[in-house]
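# Descriptive analysis of the structure
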Amino acid sequence: MPLSYVKVYVKRGKIDAGDAEVICGADSRPTTRFVQVKTAEQQAVAMGPKTRDLLVRQRNQAVNALRAHLSKLSIVSGTVLGRFVGLMEIVGAPGDVRLPVIARQVLMDLADHIEVLNDRLHRLDREIVAQSREDADLRRLTAVLGIGPISAASLKALVPDPTRSGRMTSRSTGRTTGASTGC
């Protein structure tokens, strides 16, 4: 439901009863337009890009933790993900005397976790690319300069009906235009 229809009914305070009253008031108006409800299939398709995003954030967090732990032992590397391979070699080398035994064990667990996240990300990326080759809408979206298979899958999953107005499209993705209603 567009926020502009709800904002008129907001009184004050942020309580659930007040929110319910505002929504009921806006809902009872005959001119109120609603956002299109996504089907279970559309919601399921949206889970792929969202899960990928979560895995990327978790991997970055784990890589940063590994870099931070190693920097405490005076082993410093650049922040580029490609330089992470050198850190993994240091952690995996049993003859490297720069790491105490206890630290090596803990850091190996962290490195193994990062490898598992990388494997899951690569598998998910392959699935999304395969879907983009099979789906006509995704092929059309990837033909646009700057949109790859992952962006195309996210767009298709989050925008159920792109023929509607830009405002309704932003509302269907969970982003709103205009001021917040406090609801």
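All values reported here derive from a predicted model rather than from experimental measurement. (Residues numbered from 1 in each chain as written. Predicted model: local features only at pLDDT ≥ 70, side-chain atom pairs only at ≥ 80, totals over all residues. Heavy atoms only, no water.)

### What to know about helix α7 (residues 149-158)
The following threshold applies: Each residue is placed in one exposure class: buried if its accessible area under a 1.4 Å probe, protein chains only, is under 20% of its type's maximum, exposed if it is over 50%, and partly exposed if it falls in between. Under the scheme used here, helices are H or I runs from DSSP no shorter than 4 residues and strands are E runs no shorter than 2 residues, and both carry numbers assigned from the N terminus. Taking the helix axis as origin, the arc is that swept by the directions to the C-beta atoms. Residue contacts are counted whenever heavy atoms from the two residues lie within 4.5 Å of one another.
Every buried residue of α7 is listed here: Ala152, Ala153 and Ala157. Looking straight down α7, one finds that the buried residues subtend no more than 130 degrees of arc, so they occupy a single side. Those residues of α7 that are buried lie in contact with α3 (40-72), α5 (101-134) and α6 (136-142).

### With respect to the layout of surface pockets
Stated precisely, the cut-off is as follows: Space inside and on the surface of the protein is sampled on a 1 Å grid over the protein atoms alone, with a cavity defined as a set of points where a 1.4 Å probe fits but cannot get out and a pocket as an open set with protein on both sides within 12 Å along at least 5 of 7 lines; lining residues have an atom within 4 Å of a point. Grid points are joined across faces, edges and corners, and a volume is the space filled by probe spheres set on the points. Note on residue classes: Ala, Val, Leu, Ile, Met, Phe, Trp, Tyr, Cys and Pro are nonpolar, Asp, Glu, Lys and Arg are charged, and everything else, Gly too, is polar.
Approximately 490 Å³ is the volume found for the largest pocket. Lining the largest pocket are 21 residues, and of these Val45, Leu138, Ala153, Lys156 and Ala157 lie nearest its centre. For the lining of the largest pocket, the secondary-structure elements that each account for two or more residues are α3, α5, α6 and α7. Top contributing element to the lining of the largest pocket by residue count: α3, with five residues. Grouping the amino acids of the lining of the largest pocket by side-chain chemistry returns 12 nonpolar, three polar and six charged.

### Things to note about the packing of α3 against α7
Under the convention used in this document: Only the stretch in contact is used when fitting a helix axis, every axis being a line fitted to C-alpha atoms; angles between N-to-C directions are given from 0 to 180 degrees. Handedness of a crossing is defined here by the sense of rotation of the near helix relative to the far one, left-handed for an anticlockwise turn of less than a right angle and right-handed for a clockwise turn.
The contact between α3 and α7 brings their axes to 8 Å, and the two run at 145 degrees. Considering only the axes of α3 and α7, their crossing is left-handed. Of the residues in α7, those touching α3 at Gln42, Val45, Ala46, Pro49, Lys50 and Arg52 are Ile150, Ala153, Ser154, Ala157 and Leu158. Among the residues making up the contact of α3 with α7, the classes are represented as seven nonpolar, two polar and two charged.

### A short note on the nonpolar core
For clarity, the threshold we go by: Within this scheme, the nonpolar core is defined by two criteria: the residues are buried Ala, Val, Leu, Ile, Met, Phe, Trp, Tyr or Cys, and they are joined through side-chain atoms within 4.5 Å.
Counting residues in hydrophobic clusters, the biggest one holds 15 residues, and the most contacted among them are Leu66, Leu70, Val91 and Leu99. In terms of residue count, the dominant contributor to this core is helix α4 (residues 84-92) (five residues). In this view, leucine 70 contacts Ile75, Leu87, Val91, Leu99 and Leu107; residues no more than four positions away in its chain are not counted. Grouped together as the second largest cluster of nonpolar side chains are seven residues, Val56, Leu117, Leu121 and Leu124 included.

### Comments concerning unusual backbone geometry
In the Ramachandran plot, serine 74 falls in the positive-phi region, its phi being about 65 degrees despite a non-glycine side chain. For serine 74, the location among the structural elements is in the loop between α3 and α4.

Purely geometric numbers; function is a separate question.
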